[in-house]
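# Summary of the model geometry
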Amino acid sequence: MPLSPVQPHQTKVGWIGTGVMGLPMCRHILAKGYLVTVFNRTKEKALPLVEKGARWADSPMEVAKGSDVVFTMVGFPEDVRQVYFGPSGILKGVRAGMILVDMTTTPPSLAQEIHKAAAELGAYALDAPVSGGDVGAREARLSIMVGGDRDAFEVVRPLLEAMGKSIVYQGGPGAGQHTKLTNQIVIAGTMIGVCEALLYAYKAGLDLATVLESIRGGAAQCWTLDNLAPRILKGNFDPGFFVDHFVKDMGIALEEARRMKLSLPGLSLVHQLYVALQAQGHGQKGTHALILALEHLSAIRRDQ
Ligand code: NAP
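Only a predicted model underlies this, so the values are computations on that prediction, with no experimental measurement involved. (Residues numbered from 1 in each chain as written. Predicted model: local features only at pLDDT ≥ 70, side-chain atom pairs only at ≥ 80, totals over all residues. Heavy atoms only, no water.)

## Structural notes on the environment of Val-247
Rules: Under the DSSP-based scheme used, a helix requires at least four consecutive residues in state H or I and a strand at least two consecutive residues in state E, with every element numbered from the N terminus. When accessible area is computed with a 1.4 Å probe and restricted to protein chains, residues below 20% of their type maximum are described as buried, those above 50% as exposed, and intermediate ones as partly exposed. By the convention used here, residues are in contact when the closest approach between their heavy atoms is within 4.5 Å.
Within the secondary structure, Val-247 sits in helix H11 (residues 243-259). Residue classification places Val-247 among the buried residues on the basis of a relative accessible area of 12%. The spatial distance from the C-alpha of Val-247 to the C-alpha of Thr-287 is 9.4 Å, given a sequence separation of 40 residues. Once residues within four sequence positions are removed from consideration, Val-247 is found in contact with His-271, Tyr-274, Val-275 and Gln-278.

## Section: helix H12 (residues 265-279)
What counts is decided by this rule: For a helix, the expected span equals 1.5 Å multiplied by the residue count minus one. This arc describes the spread of directions from the helix axis toward the C-beta atoms.
Taking 1.5 Å per residue as the helical rise, H12 with its 15 residues ought to reach 21 Å, and the 21 Å between its terminal C-alpha atoms agrees with that figure. Leu-267, Val-270, His-271, Leu-273, Tyr-274 and Leu-277 are the residues of H12 that are buried. Down the axis of H12, the sector holding all buried residues measures 165 degrees, keeping them to one side. Pointing more than 90 degrees away from the buried face of H12 are the exposed residues Pro-265, Leu-269 and Ala-279. Looking at the buried residues of H12, the elements they touch are helix H8 (175-203), H11 and helix H13 (290-297). Remark: Gly-281 follows H12 within two positions and exhibits a positive phi of approximately 90 degrees.

## So, the domain arrangement of the chain
Interfaces are often sized by the amount of accessible area the parts lose when they come together. Note the cut-off: How far each domain reaches was decided by an automatic or database domain assignment. Accessible surface is computed with a 1.4 Å probe, and the buried area is the amount of it that two parts give up when combined, taken over both parts together. Salt bridges, as used here, are contacts in which a Lys or Arg side-chain nitrogen is within 4 Å of a carboxyl oxygen on Asp or Glu. Polar contacts, as counted here, are pairs of nitrogen or oxygen atoms within 3.5 Å of one another; within protein the pair requires one atom able to donate a hydrogen and one able to accept it, and residues that are adjacent in sequence qualify only if both atoms are side-chain atoms. All amino acids are sorted into three groups, where Ala, Val, Leu, Ile, Met, Phe, Trp, Tyr, Cys and Pro are nonpolar, Asp, Glu, Lys and Arg are charged, and the leftover types, Gly among them, are polar.
Partitioning the chain into domains gives domain 1 (12-173) and domain 2 (179-297). Computed over C-alpha atoms only, the centres of domain 1 and domain 2 are separated by 28 Å. Contacts between the two partners involve 16 residues from domain 1 and, on the opposite side, 15 residues from domain 2. When domain 1 packs against domain 2, the two sides together hide about 1300 Å² of surface, and 65% of this comes from carbon and sulfur. On the domain 1 side of the contact with domain 2, Phe-76, Thr-105 and Met-145 bury the most area, a combined 33% of that side's loss. Summed over the shared surface of domain 1 and domain 2, the number is one salt bridge. Note that Asp-134 and Arg-231 form a salt bridge whose closest N and O atoms lie 3.5 Å from each other. Where domain 1 touches domain 2, the interface holds four residue pairs in polar contact (both at pLDDT 80 or more). Every element with two or more residues in the side of domain 1 that touches domain 2 is listed here: strand E7 (130-131) and helix H6 (133-138). Counted by class, the side of domain 1 that touches domain 2 contains nine nonpolar, six polar and one charged residues.

In structure tokens form, the structure reads like this:
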């Protein structure tokens, strides 16, 4: 089935999942003039897009029936499975030639399953998870890591460019997800590094804001230090990126590593600390709440 280029005011774009990330990402597509149809489990969260001109549909199947390209940005692998394979899922509404783009972080094997099911219906599928957080989503500065059909990737590139600054094709189905998991392994390391460093500086009696001023400009510079350390100093643990989602990502990465007979002791340690954080009731906080688990270990009660 030949693919046609996307065109503002002509191409019909479906969007499923309008949470912390999906809402601002879809807003950028709408702002470019594409004809958008939305669906979200909780309708209220999609209403800001409806107010800006998006059409509401009652199920993922209805979204697919009315779209040329469908994006999904839901939470967990089971959500993705329901949205694609459920009784009123996307695959029930797919036509040959459509392009499906899952931007949720999920196992590479699930991306491959969706790709296969779409191909059997003559449609194309991409896995296109993102990095850059809530800030990156709002400012259209995401890094988007893409796996799947290369020709379909080239067609949807202008849509991805509306949401991100770094858009890189990584290979066949699942390659985008593998790249995202690689990214999460780095994040696990930087997050524990930043949290432990702040606790060290605190115990040493330093002024944390002044410490940040020095270390943000040197070799320790990183996204976590720039964006999340200031939130920690303010005692603001709102997500951002949910602890529950990060535990999901690290679990997927550890499972993939186990399958590849790869030992990742650093990632395992950080994963365990985050499981403790969930057990302490912090699953819906932002990932920088890791500092709370570490404070607990050393009986630290910082003034905030
Ligand atoms: P979120 O705020 O929980 O948004 C997920 C949205 O998907 C929610 O609005 C949810 O509906 C909806 N949803 C879930 N299951 C659904 C279903 N079966 N049908 C329709 N809608 C459904 O999460 P998020 O922070 O945007 O993250 C989304 C994904 O991106 C996750 O996989 C996460 O790991 C990844 N990610 C997040 C960040 C970040 O910084 N936040 C960065 C990179 C990647 P409800 O409104 O009913 O809950």
